[in-house]
Amino acid sequence: MLERAGRLVVSLLAAAGDVSIFGFRAIRELFTPPYELRETVRQLFELGLRSAPLIAVSGMAVGVVLSMHTRASLERFGAESMIPAGLAIALVRETGPLTCGLLLSGRIGAGIGAELGAMRVTEQIDALEASAVDAFRYLVVTRVAACIIALPILTTIMNFAGMIGGFLAETTTTGMPLPLYFNRAFSIVDLTDYVPATVKTMVFGFIIATISSYLGFTTESGTEGVGRASTRAVVFSSIGIIVANVVLVRLIFFIFPKAAGG
Amino acid sequence: MSQTMAAPVTRQTAAGGDPAVRLDHVTKAFGTRKVLDDLSLDVAPGCGFVILGRSGTGKSVLLRHIIGLVRPDSGRVFVGGSEVSALAGPELSKVRQSIGFLFQNAALFDSISVGENVAFPMRRHTRLGDAEIRERAQQKLAAVGLDREYTKMPAALSGGMRKRAGLARAMALDPAVLLVDEPSAGLDPITSDEIDSLLFELKGQGGTTIIVVTHNIPSARRLGDELVMLHEGRILAQGTAAELDRSDNEMVQAFMQSQHSG
């Protein structure tokens, strides 16, 4: 039993090492010409723009629910006027970035894992190499770049949609007008709340793209392997995001004490 | 001239000049299984070279060595005088541009149209304008009888059509060496004959060295100026089809006779 656990830990550490090497290579090649601009733009469209409806709808729903919870809590203290600000802080600092990251680890992570996995088992990646194209640069670096660019944008969309959702919930209950809602919402939110939390999602994007690409790129065992790569891409990207978030929040508090309320 | 042996064989080209492809004491193992065992061979420029052998004898691995998709554990691989096994990056890319590869399942890029598959190598490696690339891709498709399929997606093609499209893509840059991995695999006899005819026609045009891995003996007889039979990673027999027919090795005889009818 102990031996099996040991073997599992060793294999997990080995896999983590392989993913890290894969990720470092992606970062290095991200800044080394020639750049695959056309393919990067295509990936931005595929991974970013096509995720926007999911993010907008989810953001609105999250905003409605958050607003209802915030109202339930603040009503006890007679602080209903703080609902928009409380919602904005919660969304911008944590709920928006993390929810967006997790949602995209599902949509983008599964997509990349399955697509690259299928390309591997149908020899399309070999065909790219045989066509004298650097498959890593063409398939992986472009997706990493697209995810790093797309995540902060999509997070901003989620935050905004969440605020709209919160407003709809609030105005339905109290009839609060839009200008007053946003005035109150942004009364205590400033750039130190928005920028670090949103920049943080660039790391989420990197994690999703790297882990999913690695799993797709190293797929074996035919179509069964493709399914496994897709599932694992979602699971490990999600875990990666949640763990990284702990470290990043600590780092943000250290660099921006104001973000911690200090 | 027929050689039936367990030891590796190195032949000089008929003209005594540089071979188009040379493998020099190549050994490759996957895990504990030795797939190529100290294998040496030369392929003369412009010749039709056929590699025969039972499944799992290293035929496809040999092709992958020639284009640098697999590196030997020991030994060297040369294409047109360049040592592919020692190259990487732009140098390897340059050699690969002189090699076309028709994969067993065609390995068409399924996210782009058939025409764009053929245009892809030209877009990557030439400075031709868009209109000219489209025209040339159309010509390549016409040469394999697919001139009306430019805008179709690969998924909409039959197995034989996919293979023909793969051949058009492999020939997109007019390569000096064409590698063909089991052109008959998964095809009915008539479609298989069509692919053979295309390869035969190509061979008749001269200028391209064609290296074919096949189990199809009639096809091997038609295309092969020279045939080698691999067994356990080594060359078991080498010569013309007539020479292999006269081989006193039982396995060679069985192989050549059992599939006389195709």
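A quick note: this is a predicted structure, and the numbers were derived from the prediction, not measured.

With that settled, the discussion passes to the pairing of strand β4 (residues 48–53) of chain B. Residue and element names in this part refer to chain B. Burial of β4 is extensive: six of the six residues sit out of reach of the surface. By the alternation rule, side chains of β4 split into Gly48, Val50 and Leu52 and Phe49, Ile51 and Gly53, which are all buried. Two elements, β4 and strand β9 (residues 209–213), share four bridges in a ladder whose sense is parallel. The residue bridging Ile51 from the neighbouring strand is Val213, located in β9. Where β4 meets strand β10 (residues 226–231), five bridges bridge the pair, whose relative direction is parallel.

One finds Cys147(A), Leu179(B), Ile211(B) and Met229(B) to be the most contacted residues of the largest nonpolar core, which totals 123 residues. Residues contacting Cys147(A), with those up to four places away along its chain left out, are Leu47(A), Ile108(A), Gly205(A), Phe206(A), Ile208(A) and Ala209(A). Counting residues in hydrophobic clusters, the runner-up holds twelve residues, among them Ala88(A), Met163(A), Phe167(A) and Ala197(A).

All names here are of chain B. Across chain B, pLDDT averages 89, with 92% of residues at or above 70. Here residues 1–15 is modelled with pLDDT under 50, and outside its nearest four sequence neighbours on either side it reaches 41 contacts, counting other chains as well. The ipTM for the predicted assembly is 0.88, set against a pTM of 0.88.

Strands pair in a sheet through their backbones, by hydrogen bonds, and they do so in one of two ways: parallel or antiparallel. Residues and elements named next belong to chain B. On the basis of which strands lie adjacent, the open sheet formed by four strands has the order β3-β2-β5-β6 and antiparallel pairing. Unpaired on one side and paired on the other, β3 (33–43) and β6 (82–83) mark the two borders of the sheet. Strand direction decides the pairing type here: strand β5 (residues 74–79) and β6, joined by two bridges, are antiparallel. Each bridged residue has a counterpart across the sheet, and for Phe78 the counterpart in β6 is Glu83. Contacts from helix α1 (residues 59–66) reach β2 (21–30), β3 and β5, with the element oriented near 120° to β2.

Conventions and cut-offs
- Residues numbered from 1 in each chain as written.
- Chains lettered and ligands numbered in written order.
- Predicted model: local features only at pLDDT ≥ 70, side-chain atom pairs only at ≥ 80, totals over all residues.
- Buried ≥ 20, exposed ≤ 12 C-beta atoms within 10 Å, placed from the backbone.
- Helix = DSSP H or I, 4+ residues; strand = E, 2+ residues; numbered from the N terminus.
- Pairing = 2+ DSSP bridges.
- Core = buried A, V, L, I, M, F, W, Y, C linked by C-beta atoms within 7 Å.
- Contact = placed C-beta atoms within 7 Å.
- pLDDT = per-residue confidence, 0-100.
- Axes fitted to C-alpha atoms, helices over the stretch in contact; angles between N-to-C directions.

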